[in-house]
Amino acid sequence: MSTEHPFSTATGSDVRVRFCPSPTGLPHVGLVRTALFNWAQARHTGGTFVFRIEDTDAARDSEQSFAQIIDALTWMGLDWDEGIITGGPDGPYRQSERGEIYQDVIARLTASRHLYESYMTAAEIEARNLAEGRAVQQGYGNWERDAAVRAEFAIEGRQPALRLRVPDEDLSFDDLVRGPITFAAGSFPDFVVVRPGGQPLYTLVNPVDDALMRVTDVLRGEDLLPSTPRQIALYHALIDIGVARWVPRFGHMPLVLGDGTKKLSKRDPESNLFLHRERGFIPEGLLNYLALLGWSIGPDRDVFSRAELAAAFDIRNVNPNPARFDLKKAESINGDHIRLLDPDDLAGRMVPYLQVQGVLPEQPAEAQLALLRTLTPLVQERMQLLGQAPDLLASFFVGVDALTPDEPALAGLPKNAAEVLAAAEAALDGVGEWTVDGVRVALEAALIEDLGLKPRVAFGPVRVAASGRRVSPPLFESLAILGRNESLARVRKLRGLLPTAA
């Protein structure tokens, strides 16, 4: 068997990377980070991003999950050049539709003696190890390489699996993230690639697809590193029979950690991509943060655009150390990207979140949308998530009769709130021209200069009166938008709710 195995030397537009998820469960941030780094490598080099689906596990795969993966990539703006929906020269791009291709490769590998029949059961393998004084953990001992041993089992009428004959030599490669790695000869045995009955396993079909799709760089999670020597061994055989031209370069990206030192689990809320979307992450912000899970655009810089990521990314600059998912930092970066949006764009993005909470109807009136556009610059500096929009803006879309201060806001009022509101009412009632400056000057004079209050104590009760919340858009601008009559009515209403207001 030839052991010649040239590694890919592709550069520039010859670079081909792939993203090949299994459609099982919801897309999680680790999966999307893998897609993102592959996309970024393709865009940075001017190469090709291939997207295919590994759906040969009928018991676990689902069309719902397949649709969710498409949704996730589309929402994040990770467009692909070849693959699902888009098409391309190497289709089909779903493993479930490539059965004839795999059977042809299996036949060629068998004819060239890279594959051989294996009849031994797990119990027989364990018993043989014990009989020979070998550690059970060593697993299969390549015993059936001997045709005579295979013949004995074949006589019994057993249905065989097929094993790949592993080269009896060290297998080395230069990991794009971790540097040179060597797996010593004999560190793993011949392994099964086809089940009894002819069903090919992932260990076969994944490298076969990569070979036929001319993938040059396999960028994946470090949890798959132990399988890499098996893939390289299979590439030896695929090159030998003319299916592959090279062994792709491998790059194993760092794990994404959750709490402590544990890998971020699919069950962790932070792992759920769509939960982040529901809470109000925008794709620009989440993409930016996910890129930071193992990579940096430069010292002392955390915020960048999709285009800047593509221009700067290089898989060789990815840090091999585990990366921790920090939700607070993710939200902070998302807020930075919200502030970079055009206000009209942000207003449009907030509409669905306002509709879900009943702040806006399914078909908002033009006057409501115009009011939202007016309010957007007031909240843009204060938001980290689009999901915060209802709390910040709901009070502007109802009248005084429908506005009810929430309990935390009422509980946080100072003891002199009634006195403050009385002074504020008198000051506002005397405002001449109802503008932001007019409202500000009147309230500052009455509450800070006359009553000698600090701004936080002075304006807190007025803020609760105007919005029903402790946190709201800027107070003076809010009152100017609400108008004289509505503002005064809200101050009077809150005074009437206080025990000392009788």
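Higher on the page you've got the structure.
Residues numbered from 1 in each chain as written. Predicted model: local features only at pLDDT ≥ 70, side-chain atom pairs only at ≥ 80, totals over all residues. Heavy atoms only, no water.

Colleague: I tried to follow the overall build of the protein chain on my own but got confused; where do I start?
Modeller: Within the protein chain, the regular secondary structure consists of 20 helices and twelve strands. Its C-alpha atoms give the protein chain a radius of gyration of 32 Å, more than 25% over the compact-globule value 23 Å for 502 residues. Taking the principal axes of the C-alpha coordinates as reference, the protein chain spans close to 105 × 45 × 40 Å. In the protein chain, buried positions account for 49% of the 502 residues. By sequence separation, contacts in the protein chain at least 24 residues apart represent 76% of the contacts at least 6 residues apart. Carbon and sulfur atoms provide 51% of the accessible area of the protein chain, an area that totals close to 22,700 Å². Mean positive and mean negative side-chain charge positions of the protein chain (52 and 67 charges, respectively) differ by 3 Å. (Helix = DSSP H or I, 4+ residues; strand = E, 2+ residues; numbered from the N terminus. Rg over C-alpha atoms; globule rule 2.2 N^0.38 Å. Buried < 20%, exposed > 50% of the residue type's maximum accessible area, 1.4 Å probe, protein only. Contact = heavy atoms within 4.5 Å. Areas by Shrake-Rupley, 256 points an atom, 1.4 Å probe, with all protein chains shown as cover. Lys, Arg positive; Asp, Glu negative; His and termini not counted. Charge placed at Lys NZ, Arg CZ, Asp CG, Glu CD.)

Colleague: Please explain the side chain of serine 8 as it appears in this structure.
Modeller: Take serine 8: it is sitting in the segment before β1 (16-19). A distance of 3.3 Å separates a polar atom in the side chain of serine 8 from the backbone nitrogen of alanine 10. Beyond its immediate stretch of four places on either side in the chain, serine 8 contacts Thr216, Trp246, Val247, Pro248 and Arg249. (Polar contact = N/O pair within 3.5 Å; in protein donor to acceptor, adjacent residues only side chain to side chain.)

Colleague: Is there a simple way to explain helix α12 (residues 343-356) in this structure?
Modeller: Each full turn of the α-helix corresponds to 3.6 residues, which orients residues three or four apart in the same direction. Taking 1.5 Å as the rise per residue, α12 with 14 residues should run 20 Å; its terminal C-alpha atoms sit 21 Å apart, in good agreement. The sharpest bend along α12 measures roughly 30° and falls at methionine 350, with the proline proline 352 sitting one to four residues further on. Restricting attention to buried positions, one finds in α12 the residues Leu346, Ala347, Met350, Val351, Tyr353 and Leu354. In this structure, the buried residues of α12 make contact with α8 (273-279), α11 (327-340), α13 (366-380) and α14 (389-393). Its side-chain oxygen 3.0 Å from the backbone nitrogen of aspartate 344, aspartate 342 forms the N-cap of α12. (Expected span 1.5 Å × (residues − 1). Bend = angle between axes of the 7 residues up to and from the residue.)

Colleague: Looking at this structure, how should I read the packing of aromatic side chains?
Modeller: Aromatic ring pairs are described here by two measures, namely the spacing of the ring centres and the angle between the planes. Within this structure, the stated rule accounts for twelve aromatic pairs. Ring plane angle 25° and centroid distance 6.2 Å describe the contact between tyrosine 119 and phenylalanine 153, whose orientation is recorded as stacked. Highlighted residues: tyrosine 119 in the loop between β4 (115-118) and α4 (122-132) and phenylalanine 153 in helix α5 (residues 147-155), separated in sequence by 34 residues. Residue tyrosine 119 shares its accessibility class with phenylalanine 153, and that shared class is buried. Between tryptophan 295 and phenylalanine 313, the ring centres sit 5.4 Å apart and the planes meet at 45°, which makes this aromatic pair tilted. In this pair, tryptophan 295 is assigned in the loop between α9 (283-291) and α10 (306-312) and phenylalanine 313 in the loop between α10 and β12 (323-324), connecting sequence segments 18 residues apart. As far as burial versus exposure is concerned, tryptophan 295 and phenylalanine 313 are alike and both buried. Taken together, the aromatic side chains of Phe37, Trp295, Phe304 and Phe313 make up a single cluster linked through ring pairs. We note arginine 230 situated over the ring of phenylalanine 191; from NZ or CZ to the ring centre the distance is 5.9 Å. One residue, arginine 277, lies across the ring of tryptophan 75, its end atom 5.4 Å from the ring centre. (Phe/Tyr/Trp six-rings, centres within 6.5 Å; stacked < 30°, edge-to-face > 60°. Lys NZ or Arg CZ within 6 Å of the ring centre and 35° of its normal.)

Colleague: When you look at the nonpolar core in this model, what are you seeing that I'm missing?
Modeller: Core analysis: the largest hydrophobic core is formed by 92 residues, its most contacted members being Leu238 and Leu309. The dominant element in this core, judged by the number of residues it contributes, is helix α1 (residues 29-45), at eight residues. Ignoring sequence-local partners within four residues, the contact set of leucine 238 consists of Val105, Leu109, Pro207, Val208, Ala211, Val243 and Ala244. Counting 53 residues, the second-largest nonpolar core is a separate cluster that includes Leu378, Ala424, Val462 and Leu475. (Core = buried A, V, L, I, M, F, W, Y, C linked by side-chain atoms within 4.5 Å.)

Colleague: Mind showing me how you'd approach the side chain of serine 472 here?
Modeller: Structurally, serine 472 is set in the loop between α18 (455-467) and α19 (475-482). On the basis of relative accessibility, which here comes to 4%, the residue serine 472 falls in the buried class. Of the polar contacts made by the side chain of serine 472, one reaches the side chain of arginine 463; its length is 2.8 Å. Ignoring anything within four residues of it in the chain, the contact list for serine 472 reads Arg382, Leu392, Arg463 and Ser467.

Colleague: Help me out: how do you make sense of the pairing of strand β6 (residues 171-175) in this one?
Modeller: Looking along a regular strand, one sees side chains alternate from face to face of the sheet. Taking every second residue as pointing to the same face, the buried face of β6 carries Leu171, Phe173 and Asp175, while none of Ser172 and Asp174 on the other face is buried. Examined bridge by bridge, β6 and strand β7 (residues 179-183) share five bridges and lie antiparallel to one another. Of the residues in β7, the one forming a bridge with phenylalanine 173 is isoleucine 181. In textbook terms, the turn of a hairpin is the stretch between consecutive antiparallel strands, and for β6 and β7 this stretch comprises three residues. (Pairing = 2+ DSSP bridges.)

Colleague: How should the sheet that holds strand β5 (residues 161-164) be read in this particular structure?
Modeller: In any sheet, the strands associate via hydrogen bonds between backbone groups, in a parallel or an antiparallel arrangement. Ordered by their spatial adjacency, three strands build an open sheet running β4-β5-β8, and the pairing between neighbours is antiparallel. The sheet is open, and its two edges are formed by β4 and β8 (191-194), each paired on a single side. Ignoring which end each strand starts from, the neighbouring axes of this sheet average 50° apart. With four bridges joining them, β4 and β5 adopt antiparallel strand pairing. Opposite serine 118, over in β5, you have alanine 161 as the bridge partner. (Axes fitted to C-alpha atoms, helices over the stretch in contact; angles between N-to-C directions.)

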